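# Remarks on the overall topology
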Amino acid sequence: MTETWGGWRGLVGLGLFLLGAGGCATSEQPLLPDDVATALARTPMRRLETASLRIYYPESRREQAYRFAGGVEACALALKAFSQVHNLIADRRMTLILPELTFNNAFAAPPFAGYQPVAVVPTYGTLDTFSLELGLPQDPVPIACHELTHYVQFQQIGGLGLVLNVLFGETYSPQIGLDSWFFEGLAVYYETRLRPGVGRLAWPYWHGVFAAGVAGRQLNGGDLSALNRDFERGHQYLVGSQFVRFLAERYGQWRLWKLIDVQARAIFFPLWVNVRFWQAYDKSLSTLIDEFAADVAARHPLVERPADQRVISTAGTNARYARAVDGTEALLLADHDTPPRLIVRGPGGDVRLSLNLIDLLPPRRLKIGAPQLTGPLSFTADGSALYFTALDLDATFQASRLVRVDLATAALTIICPDLRGAGGSISPDGRVYAFARADGDRHDLALLDIATGVIRVLVKAAAGYFISLPRYSPDGKRIVATVADGRGFRIVVFDAASGATLTTLTDGRNPVHDGSWADNDRVVYLSAAVGDRGFQVHLADLRTGRSRPVTRAPYLAFQPQVARGTLRFLNREGWRWTLDEVSLPPPSVLNPDPAPVAAFPQAPHATAAIDEALLVLSDQPYHATDHLFVPLLHGPTFTATGRQAFALGLVLAGNDRLQFHRWTLTGTYQFASARPGYGVGFGYANRLLAPYTLTLTGMFLSLHDVPPQPVNAPVPRPQDYTLDKRQRQANVDMTRSFYGNPVTLGFNLTEDNQPGEPTVAVESRRVAGPYLHTSYTAAESTAYAGARRLLYAAADAFVYPATWSSAGSTLTDLRGEITAVTPLPFSRRHRLLLSVSGRAVTGLQNGMRWLQVGGGGVTTLYTRRSPDGPPVPEVVADPLPPNVRFFEPLWGYEDYPIATDRIVIANAAYRYPFIIDWGSASALGLLPSFFLRQVNLAFFGVVASDGQATRHAAAGGSLSLNFAIAELPVSIAYQLARRFEDDRAFVHLVRISGN
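For clarity, every value in this text was computed on a predicted model and none was experimentally measured. (Residues numbered from 1 in each chain as written. Predicted model: local features only at pLDDT ≥ 70, side-chain atom pairs only at ≥ 80, totals over all residues. Heavy atoms only, no water.)

## Observations concerning the pattern of salt bridges
Counting across every chain of the model gives 63 salt bridges. Aspartate 392 serves as the salt-bridge partner of arginine 401, at 2.9 Å between the closest nitrogen and oxygen. When its relative accessible area of 6% is taken as the criterion, arginine 401 is described as buried. One salt bridge connects aspartate 983 with arginine 865, and the closest N-O pair in it is separated by 3.3 Å. You can see aspartate 983 sitting in the loop between strand 49 (968-979) and strand 50 (986-993) and its partner arginine 865 sitting in strand 43 (residues 859-866), a full 118 residues away along the chain. Through salt bridges with shared partners, a single network forms among Arg61, Glu100, Arg420, Asp439, Arg442, Asp444 and Lys460. (Salt bridge = Lys/Arg side-chain N within 4 Å of Asp/Glu carboxyl O. Buried < 20%, exposed > 50% of the residue type's maximum accessible area, 1.4 Å probe, protein only. Helix = DSSP H or I, 4+ residues; strand = E, 2+ residues; numbered from the N terminus.)

Structure below.
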């Protein structure tokens with residue numbers, strides 16, 4: 001969580017490829033996610049400017065925005081003071097957007113290809129994970145400080161990068177040449193340094209998980225990779241932050257910024273990372289990793305369990321745990337090879353229920369699911385039902401659903417479609433659910449009446465206070481919860497009827513969290529003294545106000561639950577959890593040391609004051625024309641035209657700050673021709689009606705070109721033979737996603753005119769008409785196997801009326817597909833894919849066949865047929881423009897195109913991955929990072945028919961290697977196939993792809 005946008009690295013890689021291959025390139029598509037864009041479109045926004053920041057916030061959140069600005073301004077000034085690059089780019093004002101929605105994440109995007117840098121931090125969140133596992137209350141300020149660290153690093157641009165960005169606008173940042181372990185490690189380091197008392201590096205969970213994972217191991221560069229799958233929150237965060245902390249403590253944090261300074265001036269920025277570390281540290285990255293590994297080995301040796309701590313069972317890499325009064329227990333877990341699954345065991349350990357969390361067939365109760373996306377599990381007193389919150393997808397936004405599982409029938413029911421809050425617990429009588437309800441930069445303690453659905457706020461928190469994980473006492477009279485105030489965490493006991501504070505068990509000096517009841521008078525909670533490796537379970541007696549630790553877990557104890565006189569908890573061992581048990585001491589044995597008591601502000605409570613020291617330069621309503629007509633990209637472009645000519649031109653791109661409007665303009669002029677040509681193009685996207693996105697594109701090209709004389713031509717062409725070509729293209733479409741599934745309706749016009757051109761049968765070729773695309777995807781995945789259960793369906797329809805087409809008749813192109821993936825017995829890792837697809841191009845005259853099946857669809861490095869037959873030409877539809885092509889891929893026929901007008905294809909494929917997960921932070925000392933993920937063994941069979949006498953069939957297998965260079969995925973596969981029809985050849989194929 002709190003990460004740079006997951007897609008920026010791939011988009012930047014594509015943008016840089018386009019910049020290198022064809023001058024400045026850009027896109028008319030806005031980059032903000034659909035839910036963020038929708039929240040911005042639905043809420044009147046304002047623009048607040050300070051010395052360092054430009055903040056766009058909802059009009060109804062003015063007081064929060066000012067509090068936010070005061071805290072974030074301090075982070076911005078501190079980060080800029082640390083930085084060593086200062087120029088008109090590095091020192092410009094930073095743009096932050098605060099949408100009003102449940103986003104449960106945040107991101108920063110770098111400048112590239114016509115998009116300005118931006119950070120998005122939602123006004124509120126609803127996940128317990130932030131505070132429970134990351135040590136971050138759902139306060140936008142520390143989350144924004146994390147993202148501003150990325151932002152400041154992105155803006156550290158010097159040397160050639162500075163020149164290009166000044167001359168041409170937002171082109172790129174050399175900082176993207178560093179891997180994400182440095183980006184995220186630096187941001188995690190500063191989220192704690194800039195906001196003392198909060199953040200991952202101040203949080204025992206973070207240290208305990210790291211210690212357990214690395215104990216007894218020798219770390220290497222691959223442990224830093226974002227592609228490593230051992231830690232579900234990401235190695236780039238966990239190991240990266242510990243490595244950055246090590247570098248700052250041993251060599252000083254100024255060297256971190258020295259490295260950023262060196263990177264800012266790099267020309268070949270993805271290469272020679274080892275050298276740039278040497279320039280900053282006088283040591284290579286490889287040497288620094290070796291030093292870090294030695295330090296980790298010394299700090300974190302293997303530690304054995306104490307003799308009184310017993311292992312009950314394993315619990316996967318990710319888990320949530322609860323116990324009922326009678327000893328019934330629930331585990332919601334996931335593992336490398338296990339999808340999210342709810343397991344309920346009786347008091348004797350017998351499995352009473354095992355339930356998949358994700359549905360594939362509509363109507364779907366839960367569309368996404370993972371332990372880290374769920375709140376605490378809570379049993380009713382009689383043990384008949386289990387309640388928990390689950391983060392899920394609504395049509396556009398995330399929703400926090402309250403789920404009830406009937407243990408007798410295994411029925412899963414959605415009690416409330418959206419609590420707008422984090423999880424809690426059900427009252428013993430099953431009538432009321434207590435939870436933390438989000439309200440901007442505060443989380444209140446709220447109660448949901450199960451029968452009526454009415455929500456009542458029991459404790460109204462002050463701004464900057466966040467209540468989490470409320471749990472009812474066994475008698476239902478009290479509620480224990482964690483309260484964070486921006487400086488630390490406390491365990492507080494409230495009266496369940498009035499909301500009054502009864503006692504505060506901790507003073508906030510030591511990290512504490514996750515209180516639950518041992519009985520009506522005692523509470524267990526997680527705590528760690530300063531310097532401790534991870535959380536241990538503490539037991540407090542409310543009658544005496546005294547507490548003591550009751551566990552001595554080797555690395556980390558988590559989610560403590562008491563029943564039948566014993567304490568069970570999740571114990572971290574390696575990269576997984578185990579469920580462990582210790583005896584619970586009787587009340588009389590408690591340590592006499594008193595637990596400190598502190599006050600908690602009660603409602604009604606004055607809202608936290610706005611920072612009076614904040615210098616506000618302006619605060620005014622936002623208009624969709626803000627910055628709209630200022631080009632963000634203004635650079636050259638060039639492209640090859642005709643058969644020997646080329647064209648130079650200018651590309652402009654821009655958008656308003658909130659990306660309601662995004663536009664591009666391109667103009668080109670053709671050289672090396674007797675009669676110069678020209679071209680113009682435009683693109684425009686509108687999101688004022690988000691979640692609907694309206695996109696318009698158009699292009700006109702007129703070129704003239706004298707081709708070279710053919711060698712040994714029997715009849716020389718006239719010297720004035722010239723290619724005259726005019727192209728027009730226009731497209732308009734409207735796109736909307738429902739529950740993550742896209743629907744697009746549009747209209748396309750494509751025209752190509754080549755008068756007097758002997759190489760084409762039809763001089764003027766045109767198609768125009770409407771089209772529709774829709775798809776449905778539902779999947780359950782694991783880290784190692786990928787999609788383990790999947791259902792995918794898609795439908796596409798294009799109609800080209802005769803009056804708008806040069807084909808001479810009305811054409812329709814119809815396609816449908818259904819794909820299913822299912823697990824197989826004997827192993828959790830292998831899977832079977834079954835797919836049926838059909839396509840028909842109708843309206844063709846004189847038996848023409850313009851649908852090409854096979855003969856492409858992959859990037860081929862090598863292919864060979866045995867026996868070797870004559871080359872088979874691709875299918876060409878002469879009356880249509882050259883870029884209008886009807887193509888359908890076919891396994892085993894990648895080198896053998898088939899001409900038809902309709903096809904039905906049935907595929908079956910088996911896949912087994914062999915996991916490797918090994919890598920280095922710098923390959924061969926000069927190249928970017930390298931990570932070897934896995935080897936995939938696959939077998940497939942395919943049958944295809946055009947509905948007549950013709951049939952096509954093939955079978956084969958492949959061996960593929962998945963790896964990444966600079967975290968960009970690459971797959972190279974060798975495939976051997978045998979065609980049983982057509983030429984009956986054996987086909988050897990080596991292909992490469994980007995996944």
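Having put the structure on the table, let's press on.
## Topic: the packing of helix 9 (residues 235-251) against helix 10 (residues 253-264)
Relative orientation and spacing of two packed helices are given, respectively, by the angle between their axes and the distance between those axes. Here helix 9 crosses helix 10 at 115 degrees, and the two axes come no closer than 6 Å. Classified by the angle their axes make, helix 9 and helix 10 are roughly perpendicular. Between helix 9, through Val244, Leu247, Ala248 and Tyr251, and helix 10, the contact on the second element is made entirely by Gln253, Trp254, Arg255 and Leu256. Taken together, the residues of the contact of helix 9 with helix 10 sort by class into 6 nonpolar, 1 polar and 1 charged. (Axes fitted to C-alpha atoms, helices over the stretch in contact; angles between N-to-C directions. Parallel < 35°, antiparallel > 145°, perpendicular 65-115°, else oblique. Contact = heavy atoms within 4.5 Å. Nonpolar A, V, L, I, M, F, W, Y, C, P; charged D, E, K, R; others polar.)

## Things to note about the sheet that holds strand 9 (residues 338-345)
Strand order in this open sheet of 4 strands is 7-8-9-10, and the pairing throughout is antiparallel. Of all the strands in the sheet, the pair left with one neighbour each is strand 7 (318-323) and strand 10 (351-356). Along the sheet, successive strands turn relative to each other by an average axial angle of 15 degrees, direction set aside. Pairing analysis gives 6 bridges linking strand 8 (residues 329-335) to strand 9, with the strands arranged antiparallel. (Pairing = 2+ DSSP bridges.)

## Thoughts on unusual backbone geometry
Cis geometry marks the peptide bond from proline 362 to proline 363; its omega dihedral reads -5 degrees. Positionally, proline 363 belongs in the loop between strand 10 and strand 11 (378-379). Note the cis peptide between serine 866 and proline 867, where omega equals 0 degrees. Structurally, the position occupied by proline 867 is in the loop between strand 43 and strand 44 (886-888). Residues other than glycine seldom take positive phi values, yet alanine 113 does so here, at roughly 45 degrees. You will see that aspartate 982, though not glycine, has its phi angle at about 60 degrees, which is positive.

## Concerning the pairing of strand 17 (residues 443-449)
By the criterion of burial, strand 17 is predominantly enclosed, with 6 of the 7 residues buried. Here 7 bridges tie strand 16 (residues 432-438) to strand 17, and the two strands are oriented antiparallel to one another. Residue arginine 437 lies in a different strand from strand 17, and its bridge partner there is aspartate 444. Hairpin connection from strand 16 to strand 17: 4 residues lie between these consecutive antiparallel strands, with glycine 440 at a positive phi of about 65 degrees.

## A few points about the packing of aromatic side chains
Considering all chains together, one arrives at 36 aromatic pairs under this definition. Put simply, the rings of Trp181, Phe182, Phe243, Phe246, Tyr251, Phe277, Tyr281 and Phe292 pair up and form one aromatic cluster. Sitting over the face of the ring of tyrosine 692, arginine 736 holds its NZ or CZ atom 5.5 Å from the ring centroid. (Phe/Tyr/Trp six-rings, centres within 6.5 Å; stacked < 30°, edge-to-face > 60°. Lys NZ or Arg CZ within 6 Å of the ring centre and 35° of its normal.)

## What to know about the confidence of the model for the protein chain
Of all residues in the protein chain, 92% attain a pLDDT of 70 or more, and the chain-wide mean is 91. Between residues 1-22, whose pLDDT stays under 50, and residues either more than four places distant or in other chains, the model counts 69 contacts. Low pLDDT (under 50) marks residues 592-608, which in the prediction has 42 contacts with non-local residues, meaning those over four places away or in another chain. (pLDDT = per-residue confidence, 0-100.)

## Considerations on a nonpolar patch on the surface
There is a patch of nonpolar side chains on the surface, built from Leu160, Val163, Leu167, Ile267, Phe268, Trp272, Val275, Leu924, Leu926 and Leu927 and spanning about 950 Å² of accessible area. No other element matches the 3 residues that helix 6 (residues 159-168) contributes to the nonpolar patch. Among the secondary structure elements, valine 163 is positioned in helix 6. For valine 163, a relative accessible area of 42% gives the class partly exposed. (Patch = residues over 30% accessible without salt bridge, like charges linked within 9 Å, V, L, I, M, F, W, Y side chains within 5 Å. Areas by Shrake-Rupley, 256 points an atom, 1.4 Å probe, with all protein chains shown as cover.)

## Observations concerning the environment of valine 836
Relative to the helices and strands, valine 836 resides in strand 41 (residues 831-842). For valine 836, a relative accessible area of 47% corresponds to the partly exposed category. Note: C-alpha distance between valine 836 and alanine 906 (70 residues apart in sequence) is 4.5 Å. When sequence neighbours within four positions are dropped, the list of residues in contact with valine 836 reads Gly816, Glu817, Ile818 and Ile905.

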